[in-house]
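# Architecture and fold: a report
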Amino acid sequence: MFYRDDRLALFIDGWNLHSAARSLGFEIDFRRLLGEFLRRGKLIRAGYYTALNEQEEDSGVRPLIDWLSYNGYKPVTRPAAEVVDPSGRRRFRTRIDLALAVDAMEMSKSIDHAILFSGDGTYRSLVAALQRRGVRVSVVSSIRSNPPMVADELRRQADNFIDLDDLRDLIERVRPGDEQSGGPASTGK
């Protein structure tokens, strides 16, 4: 699945990764996650994509973004736009998936293997486009969560599917008070 001379890039849909980890009952340690993929190949870039709600300046996302930017990640943020769904609930939306897709396509000539941390089915066409350019694509999400966090069409399109639960022992945040923990907890919007 991974070759030592592979040029790797991580494309992390922050909200999706956070939701999958939370549904599995753990938090991501981003220092350990980066270290794991540095061991699996030549890591070219680790992008973390998330929306920021400007009205929530003190949310947990801002400290995470700051920490990531100083610790080997390239955070990409977009402002969240408030929308009201048909049932009258306020929600925040952004097109962070478009930013992730553009970056992945731009990097496709510089990488051998893309690792997409998302289960969102809208990425299926991105995965297919990367594969047509000769890039292998692994999708990291979960089918063990309730409900499953990965769209079936995305999982079928990927060259490899990695259940986030299988990475738990390698990337789980160590409980507070333990000196080995690194970086803010997994947070996303």
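Coordinates for the structure precede this section.
All of these numbers come straight from a predicted model, not from anything done at the bench. (Residues numbered from 1 in each chain as written. Predicted model: local features only at pLDDT ≥ 70, side-chain atom pairs only at ≥ 80, totals over all residues. Heavy atoms only, no water.)

## Some points on unusual backbone geometry
We apply this condition: Secondary structure elements are defined from DSSP: runs of H or I of at least 4 residues count as helices, runs of E of at least 2 residues count as strands, and each element is numbered from the N terminus.
In this chain, Asn 146 is followed by Pro 147 through a cis amide linkage whose omega measures 0°. Here Pro 147 shows up in the loop between strand E7 (136-141) and helix H6 (152-157).

## Re the pairing of strand E8 (residues 160-163)
Heads up, the condition is: A strand pair is defined by DSSP finding two or more bridges across the two strands. Consider the strands pointing away from the viewer: the crossover is right-handed when the path from the first strand over the helix to the second runs clockwise.
Of the pairings in the sheet, the one linking E7 to E8 comprises four bridges and is parallel in character. Bridging across to E8, Val 139 finds its partner in Phe 161. Taken together, E7, H6 and E8 constitute a β-α-β crossover, and its handedness is right-handed.

## So, the packing of helix H4 (residues 96-107) against helix H5 (residues 124-132)
Operational definition: Note on definitions: angles span 0 to 180 degrees between N-to-C directions of axes, and those axes are lines fitted to C-alpha atoms, for helices only across the stretch in contact. Every angle not falling under 35 degrees, over 145, or within 65 to 115 is termed oblique; those three ranges are roughly parallel, roughly antiparallel and roughly perpendicular. We call two residues in contact when some of their heavy atoms are within 4.5 Å. In this classification, Asp, Glu, Lys and Arg are treated as charged, Ala, Val, Leu, Ile, Met, Phe, Trp, Tyr, Cys and Pro as nonpolar, and every other residue, Gly included, as polar.
For the pair H4 and H5, interaxial distance at closest approach is 10 Å and the crossing angle is 5°. As judged from the angle between their axes, H4 and H5 are roughly parallel. Two secondary-structure elements touch here, H4 through Leu 100, Ala 101, Ala 104 and Met 105 and H5 through Leu 126, Ala 129 and Leu 130. Residue composition of the contact of H4 with H5, grouped by class: seven nonpolar, no polar and no charged.

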